[in-house]
Amino acid sequence: MDPTASIAFWAILFLGSHMVISSDLVRPRLIAAIGEQPYRGIYSLVAFATLIPFIVVFGHHKHSGPMLWYLRDLGPARGLTRLLMLASLIFLSAGLINPSPNAVSISAPTSPRPPRGILKATRHPTLVAFSLFGLAHLLMNGWLGDIFFFGCFPALGIFGGVHQDRRKIRELGDAYRDFLAATSFFPGIALMSGRQRWSRSDTPWTAIAIGIVLTIVIVIIHPRAFGGNPLG
């Protein structure tokens, strides 16, 4: 199979399997048949069974296909890439420290707590992190095969977030609707609209420190680990 077509195939399989197994048609039936915990095990197994080959195929065929854009020589694009990666790592760290009640691995309470910290900025901090990671790499990798690979991350972040919200509404009803009304999907919207107010205590200082350190480490090891450093 053509290298670019192989990457596209695994991209579709990776995203499609996530959407199917967590869909309204499949998820409730699986849980009713085998239980919540076995379902999560199957979900994780399918995720790894599609993600690992996806990464391996891309690793062997990165920069395949026609080049649609090349921005690596543009200083502003490189600077934006660094900022997106820093933001991605901060959101990821903050989301792990202060998980949202819609997180797949978290058993949400029947009445989610009022948003605090990073959740005032977005109710999907980890999914925002995946999306920013993908967008940062799309800027620096305009080959078609790379677009299929890195484009999966914002696609999974956006569609996964919408799907999680719908599922939590069915599970928690009005309690989660209130949480949605008080927060925003895209970062900063709830703050700009006045639905939330940021305070000094909400600033995720630990996550910011982790994000800065990880960004520096990535800039240092990226050339040796991945054969190039668009962040540097």
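The rules behind the values
Residues numbered from 1 in each chain as written. Predicted model: local features only at pLDDT ≥ 70, side-chain atom pairs only at ≥ 80, totals over all residues. Heavy atoms only, no water. Helix = DSSP H or I, 4+ residues; strand = E, 2+ residues; numbered from the N terminus. Rg over C-alpha atoms; globule rule 2.2 N^0.38 Å. Contact = heavy atoms within 4.5 Å. Areas by Shrake-Rupley, 256 points an atom, 1.4 Å probe, with all protein chains shown as cover. Lys, Arg positive; Asp, Glu negative; His and termini not counted. Charge placed at Lys NZ, Arg CZ, Asp CG, Glu CD. Axes fitted to C-alpha atoms, helices over the stretch in contact; angles between N-to-C directions. Parallel < 35°, antiparallel > 145°, perpendicular 65-115°, else oblique. Left-handed = near helix turned anticlockwise from the far one by under 90°. Buried < 20%, exposed > 50% of the residue type's maximum accessible area, 1.4 Å probe, protein only. Phe/Tyr/Trp six-rings, centres within 6.5 Å; stacked < 30°, edge-to-face > 60°.

A few words on the overall build of the protein chain. Along the backbone of the protein chain there are nine helices and zero strands. For the protein chain, the α and β elements follow one another from N to C terminus as α-α-α-α-α-α-α-α-α. For 232 residues, the compact-globule estimate of 2.2 N^0.38 gives 17 Å, and the protein chain sits close to it at 19 Å. If you line up the protein chain on its principal axes, its C-alpha atoms span 50 × 45 × 25 Å. Contacts in the protein chain between residues at least 24 apart in sequence constitute 73% of all its contacts with a sequence separation of at least 6. A total accessible area of about 12,300 Å² is found for the protein chain, and carbon and sulfur atoms account for 71% of it. Side chains of the protein chain carry 20 positive and 10 negative charges; the gap between the two charge centres is 6 Å.

A few words now on the packing of helix α3 (residues 36–61) against helix α6 (residues 144–172). One way to put it is that α3 packs onto α6 with a least axis distance of 10 Å and a crossing angle of 150°. The angle between α3 and α6 places the two elements in the roughly antiparallel class. As α3 packs across α6, the resulting crossing turns out to be left-handed. Counted together, Phe54, Ile55 and Phe58 of α3 and Gly145, Asp146, Phe148, Phe149, Phe150 and Cys152 of α6 form the full contact between these two elements.

With respect to the helices, strands and loops of the structure, Ser6 is situated in helix α1 (residues 3–21). Residue classification places Ser6 among the buried positions, given a relative accessible area of 13%.

With that settled, the discussion passes to the packing of aromatic side chains. Under the defined criterion, the tally for this structure stands at 13 aromatic pairs. Geometrically, the ring pair formed by Phe54 and Phe149 is tilted, given 4.8 Å between the ring centres and 55° between the ring planes. In this pair, Phe54 sits in helix α3 while Phe149 sits in helix α6, placing the two residues 95 residues apart along the sequence. On the accessibility criterion, Phe54 (1% relative accessible area) is buried. Measuring from centroid to centroid gives 5.4 Å for Phe58 and Phe150, while their planes differ by 80°, and the two rings are edge-to-face. In this pair, Phe58 sits in helix α3 while Phe150 sits in helix α6, placing the two residues 92 residues apart along the sequence.

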